[in-house]
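Here's the letter readout for the chains.
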Amino acid sequence: MEKILISSCLLGQAVRYDGGHNLLQDEWMLRWQREGRIVAFCPECAGGLPTPRPAAERVGELVLTAQGEDVTAAFRLGAQKALVLVQEQGIKVSILKARSPSCGNQHIYDGTFSKRLIAGLGMTAELLQAAGVSVFNETELAQVATRLAQLEAESAG
């Protein structure tokens, strides 16, 4: 059975920068939880950042807070820990929080703290994708189900 790395905030854990969560209540998520597929992970917490913490946005290879503090090292460490975890557990699929400077898989905020989105990847999403992990966000659960079915068919055949 394929496991899924999932952003902790999507599971209701209060790890968002503002101390909140992004609980995703969906039939797919409930099913995957029942099946024991879910591996929760927050790269920002794993990288040593506190909760709550200042909002941060990715600017090229850096991650900066609105006050200009460089938190890149913590974001990079969290991404590396995510990579180690997926490699240790053989995880090939992830569901990460959309638009996050760590987890965004299609769009991230542009670094101006003006809520403008640009095409781009968060640091963890980028590292996992480069390592061959399929990276999805919380709006792409049907695609996750399809990918899991493909992987399980490949391993069965």
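Each chain carries its own residue numbering, running from 1 in the direction its sequence is written. In keeping with the model being predicted, local features are shown solely for residues with a pLDDT of at least 70 and side-chain atom pairs are shown and tallied solely at 80 or more, while totals for entire chains, interfaces and linings include all residues. Hydrogen atoms and water are omitted, and side-chain values are computed over all heavy atoms in the structure.

Re helix H4 (residues 123–130)
Applicable threshold: We call a residue buried when its accessible area falls under 20% of the maximum for its residue type, exposed when it is over 50%, and partly exposed in between, using a 1.4 Å probe and counting protein chains only. Runs of H or I in DSSP of at least four residues are treated as helices and runs of E of at least two as strands, each being numbered from the N terminus.
When H4 is considered as a whole, its buried residues turn out to be Met123, Thr124, Ala125 and Leu128. In the stretch just after H4, glycine 132 is the one whose phi turns positive, near 95 degrees.

Remarks on unusual backbone geometry
Residue threonine 51 is joined to proline 52 through a cis peptide bond whose omega torsion reads -5 degrees. Structurally, proline 52 can be placed in the loop between helix H2 (43–46) and strand S3 (56–59). Although it is not a glycine, lysine 115 sits at a positive phi angle of roughly 65 degrees. Since its relative accessible area comes to 71%, lysine 115 is described here as exposed.

Side note on the nonpolar core
Quick note on the threshold: Grouping buried Ala, Val, Leu, Ile, Met, Phe, Trp, Tyr and Cys residues that are joined through side-chain atoms within 4.5 Å yields what is termed a nonpolar core. Contacts are residue-level and defined by heavy atoms, with any inter-residue pair within 4.5 Å sufficient.
Membership of the largest hydrophobic core comes to 17 residues, with the highest contact counts inside it found for Ile4, Ile6, Met29, Trp32, Val93, Ile95 and Val144. For this core, the secondary-structure elements that each account for two or more residues are strand S1 (4–7), helix H1 (27–34), strand S5 (93–96) and helix H5 (141–156). Here this core gets 5 residues from one element, more than from any other, and that element is H5. Apart from residues no more than four positions distant in its own chain, isoleucine 95 is found in contact with Ile4, Leu5, Ile6, Ser7, Leu10, Met29, Trp32, Phe136, Asn137, Glu138, Leu141 and Val144. Residues Ala82, Leu85, Ile91 and Leu96 belong to the second largest nonpolar core, which totals 14 residues.

As for the side chain of glutamate 140
Convention followed: Asp and Glu are treated as the negative residues and Lys and Arg as the positive ones, with His and the ends of the chain left uncounted. Salt bridges are counted wherever a side-chain nitrogen of Lys or Arg sits within 4 Å of a carboxyl oxygen of Asp or Glu.
Within the secondary structure, glutamate 140 is located in the loop between strand S8 (134–137) and H5. In this structure, glutamate 140 is buried with no salt-bridge partner, the nearest side chain bearing the opposite charge being arginine 99 at 10 Å. When residues no more than four places from it in sequence are discounted, the contact partners of glutamate 140 are Asn105 and Gln106.

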